[in-house]
Amino acid sequence: MEHEKLSRLLPDGVDPAESEALDATWRMLGAIDAPAPDAERMRARLDAVIDAVEHAHAPARPRAFRSYVLQGLAAAALVLIGIGIGWFAGSGRTAPSQALAGSSPELAAMRSEMHDLREMVSLSLMQQQSASERIKGVSWSGQLDRPSGELVSALLDALMHDPNVNVRLATIDALERFASRDDVRRGTIQAVERQPSPLVQIALIDFMVKTNERESAPTLRRLAMDPQANDAVRARAAWGLQQLG
Amino acid sequence: MTNMKKILGYVLVLASLVAVPVAAQPSPPASPEPPALPQAPPPAQAPASEANTQRVSVALSEPSRPGTIEMDIVMGSIMVRGMNRRDIMIEARAGAGPGPRPPRRRAGDEPPPAGLRRLSQSGGFSVEEERNIVSIDVGPPRSIDFVIEVPVGTNLDLETVMGSIVVDGVEGELEIESVNGTVMLTNVGGSVVAHTVNGKLTATIARPAPQKAMAFTSMNGSVDVTLPAAVKANLKLRSDQGDVYTDFDLQLRRGSSNPNPNPDDVRRNGRARVIDVDNAIYGSVNGGGPDFEMRTFNGNVYVRKAK
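Caption draft 1: Region of interest: the overall build of chain A. From N to C terminus, chain A includes 13 helices and zero strands. Listing every helix and strand of chain A by position from the N terminus yields α-α-α-α-α-α-α-α-α-α-α-α-α. Counting contacts in chain A only where the partners sit at least 6 residues apart, residues at least 24 apart contribute 63% of the total.

And the structure:
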């Protein structure tokens with residue numbers, strides 16, 4: 001409903017791409033189940049905030065009450081941020097986003113909030129019970145231009161531990177953009193041997209070749225010689241070694 | 001509410017010295033075939049004369065909400081049909097074990113030698129329902145083929161190692177995985193995330209849920225997906241050793257949701273060499289939508305427009 005009100009506020013000539021992206025964010029927010037699946041993570045953040053507040057204002061009220069109040073405030077803040085972004089998105093800009101980001105510090109701040117919001121959506125989707133939603137979370141992360149370490153860790157975690165083959169496969173594409181990060185290089189090399197799925201193993205070998213990851217050579221060599229490994233995987237590992245030369 | 005945990009447990013044991021009389025169950029006048037693949041879905045119920053067959057119906061604790069079926073079995077096939085019903089009917093019969101088998105040569109179908117009666121062997125399965133999640137477990141690794149009837153709106157999370165999975169007429173979150181079997185989904189709706197290692201994957205999505213990502217992948221089988229002509233999606237299609245076919249009007253684009261790797265990232269690392277091994281095809285249909293990935297290593301990928 002908020003979203004429809006916002007759409008009406010949008011003047012003509014708004015950059016359709018950005019408006020569309022905003023739409024997508026709203027849809028995504030609407031689609032997420034009310035009990036946040038990463039409740040523990042949220043709670044951890046919230047607790048950190050509570051601790052900070054506690055230090056600033058002792059004596060404190062009962063913890064449970066405070067935490068509800070803060071949760072409410074956080075939710076309200078989120079809604080306000082959303083409305084704010086909508087407002088700014090609708091404030092008649094037609095120029096490319098970068099030029100605009102420089103034009104107004106408020107707008108830049110809003111864009112940054114927007115980015116955080118999207119990252120939160122992406123992280124939240126990755127924690128969902130449904131594999132379809134997790135895949136969406138993984139591919140959403142691809143739209144973020146400056147993902148945090150937390151997001152990259154979530155992608156690596158999904159690559160290593162997600163029970164669904166198709167989710168693991170999707171993370172490899174998403175991680176490609178961050179291939180130069182040390183944690184991504186280490187994590188993907190480790191994953192090559194640990195993957196139970198040959199399809200994912202092959203995608204990871206391709207990843208090594210694509211990103212020219214020479215440090216993966218010992219792993220690929222082991223895999224190419226491993227009699228337990230799938231034949232196609234061994235052949236791909238041998239090919240990969242050759243490519244990395 | 002949190003303490004109100006409602007658990008209904010059913011434990012069935014096939015070990016009965018006398019074959020269970022299932023003759024009382026209604027039975028369609030159909031052939032006594034087990035789920036035959038990959039042709040038409042078989043009849044939902046086994047013939048009345050079938051020995052070694054167990055039936056149990058499970059009520060959902062909240063029938064107004066979609067239930068979820070969870071199964072992770074080693075041997076045996078799974079067939080699920082969406083029906084106009086509120087409960088879940090599970091029919092299980094001892095299978096003839098893994099591997100290809102002629103349809104009529106199942107151990108359970110052979111008439112006993114003259115003067116002898118057949119003793120059912122031990123083994124069985126258990127069903128548990130908790131807050132609309134129905135979990136079906138098979139005890140010792142023994143081949144059991146399941147035919148399950150569910151309400152049309154049901155979520156499925158099915159896994160088998162040695163066996164095929166057939167789903168017909170179910171709408172919901174469908175997560176299907178087989179290692180050595182065929183996966184065949186017909187007339188389904190909602191979202192599908194399916195994988196088989198050594199089998200063919202066929203899916204006809206009649207009513208895709210809007211904004212839901214889907215994936216259909218195989219290692220050694222073809223992937224054949226039929227979608228409504230008006231479906232909005234971003235497709236990522238790839239076959240390493242085969243070809244990709246479609247009759248959709250595909251707007252090709254690179255990196256539907258994953259833009260090109262940033263070349264600066266590579267150069268910053270002192271490694272400017274770029275090898276393009278990604279032969280995936282990215283394209284959108286009907287203006288684009290959620291991501292659908294269709295991928296196989298050995299085999300072809302077919303994306304068909306429903307006629």
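The structure having been displayed, the exposition proceeds.
Caption draft 2: Representation of the nonpolar core within the structure. Among the nonpolar cores identified, the biggest contains 102 residues, and Val167, Leu185, Val192 and Phe216 of chain B are the most heavily contacted of them. The leading source of residues in this core is helix α11 (residues 198-210) of chain A, at nine residues. Residues contacting Val192 of chain B, with those up to four places away along its chain left out, are Leu174, Leu185, Ala203, Ile205, Met214 and Phe216 of chain B.

Caption draft 3: Structural detail: the domain arrangement of chain A. Partitioning chain A into domains gives domain 1 (1-127) and domain 2 (138-245). If you look at the interface, domain 1 of chain A gives eight residues, while domain 2 of chain A gives 12 residues.

Caption draft 4: Looking closely at the domain arrangement of chain B. Residues and elements named next belong to chain B. Examined at the domain level, chain B breaks down into domain 1 (1-24 + 34-42 + 50-100 + 118-209) and domain 2 (218-264 + 277-307). Elements represented by at least two residues in the side of domain 1 that touches domain 2 include exactly β12 (183-196) and β13 (201-208). Here the side of domain 1 that touches domain 2 is composed, by residue class, of six nonpolar, six polar and one charged.

Caption draft 5: Molecular detail of helix α12 (residues 217-225) of chain A. All names here are of chain A. Taken residue by residue, α12 has Thr219, Leu220 and Leu223 as its buried positions. One side of α12 carries all its buried residues, which in axial view fall inside an arc of 95°. Opposite the buried face of α12, at more than 90 degrees from it, the exposed residues are Pro218 and Met225. The elements touched by buried residues of α12 are α10 (182-194), α11 and α13 (231-244).

Caption draft 6: Spatial organisation of the packing of helix α6 (residues 105-126) of chain A against helix α7 (residues 131-141) of chain A. All names here are of chain A. The geometry of α6 relative to α7 is characterised by a closest axis approach of 7 Å and an angle of 150° between their N-to-C directions. By the angle between their axes, α6 is roughly antiparallel relative to α7. By crossing handedness, the relation of α6 to α7 is classed as left-handed. Residues Val121, Ser122, Leu125 and Met126 of α6 form the contact with α7, whose participating residues are Glu133, Arg134, Lys136, Gly137, Val138, Trp140 and Ser141. Across the contact of α6 with α7, the residue classes break down as five nonpolar, three polar and three charged.

Caption draft 7: Structural view of helix α8 (residues 149-161) of chain A. Residue and element names in this part refer to chain A. In a regular helix each residue adds 1.5 Å, so 13 residues correspond to 18 Å; α8 covers 18 Å between its end C-alpha atoms and thus fits that length. Among the residues of α8, Leu151, Ala154, Leu155, Leu156, Ala158 and Leu159 are the ones counted as buried. On the buried face of α8, the contacting elements are α6, α7, α9 (165-175) and α10.

Caption draft 8: Quick look at unusual backbone geometry. Backbone geometry at Asn212 of chain A places phi at a positive 50°, although glycine is not the residue there. Among the structural elements, Asn212 of chain A can be located in the loop between α11 and α12. On the basis of neighbour count, Asn212 of chain A is assigned to the partly exposed category, with 18 C-beta atoms found within 10 Å. Its identity as a non-glycine residue notwithstanding, Asn286 of chain B has a phi of 50°, on the positive side. Relative to the helices and strands, Asn286 of chain B resides in the loop between β19 (281-285) and β20 (291-296). Judged by C-beta crowding, with 15 C-beta atoms within 10 Å, Asn286 of chain B ranks as partly exposed.

Caption draft 9: Spotlight on the environment of Glu149 of chain B. All names here are of chain B. Its location among the elements puts Glu149 in strand β8 (residues 144-151). Residue classification places Glu149 among the buried positions, given that 21 C-beta atoms sit within 10 Å. It is 36 Å that separates the C-alpha atoms of Glu149 and Ala114, two residues lying 35 residues apart in sequence.

Caption draft 10: Expanded view of the pairing of strand β7 (residues 133-138) of chain B. Residue and element names in this part refer to chain B. By the alternation rule, side chains of β7 split into Val134, Ile136 and Val138, which are all buried, and Ile133, Ser135 and Asp137, of which none is buried. Across four bridges, strand β3 (residues 67-75) lies against β7 in parallel orientation. Each residue of the ladder has a partner; that of Thr68, found in β7, is Ile133. Where strand β6 (residues 124-130) lies against β7, six bridges are found, and the strand directions are antiparallel. By the bridge assignment for β7, Glu129 is matched with Val134. Connecting the antiparallel pair β6 and β7 is a turn made up of two residues, with Arg131 showing a positive phi of about 45°.

Caption draft 11: Molecular detail of the packing of α6 of chain A against α8 of chain A. Residue and element names in this part refer to chain A. Across the interface, α6 lies against α8 with an axial gap of 10 Å and an inter-helix angle of 20°. In terms of orientation, α6 and α8 fall into the roughly parallel class. By crossing handedness, the relation of α6 to α8 is classed as left-handed. Seen from α6, the contacting residues are Glu119, Ser122, Leu123 and Met126; seen from α8, they are Glu150, Leu151, Ala154 and Ala158.

Reading the values: rules and limits
- Residues numbered from 1 in each chain as written.
- Chains lettered and ligands numbered in written order.
- Predicted model: local features only at pLDDT ≥ 70, side-chain atom pairs only at ≥ 80, totals over all residues.
- Helix = DSSP H or I, 4+ residues; strand = E, 2+ residues; numbered from the N terminus.
- Contact = placed C-beta atoms within 7 Å.
- Core = buried A, V, L, I, M, F, W, Y, C linked by C-beta atoms within 7 Å.
- Buried ≥ 20, exposed ≤ 12 C-beta atoms within 10 Å, placed from the backbone.
- Domains from an automatic or database assignment.
- Nonpolar A, V, L, I, M, F, W, Y, C, P; charged D, E, K, R; others polar.
- Arc of directions from axis to C-beta.
- Axes fitted to C-alpha atoms, helices over the stretch in contact; angles between N-to-C directions.
- Parallel < 35°, antiparallel > 145°, perpendicular 65-115°, else oblique.
- Left-handed = near helix turned anticlockwise from the far one by under 90°.
- Expected span 1.5 Å × (residues − 1).
- Pairing = 2+ DSSP bridges.

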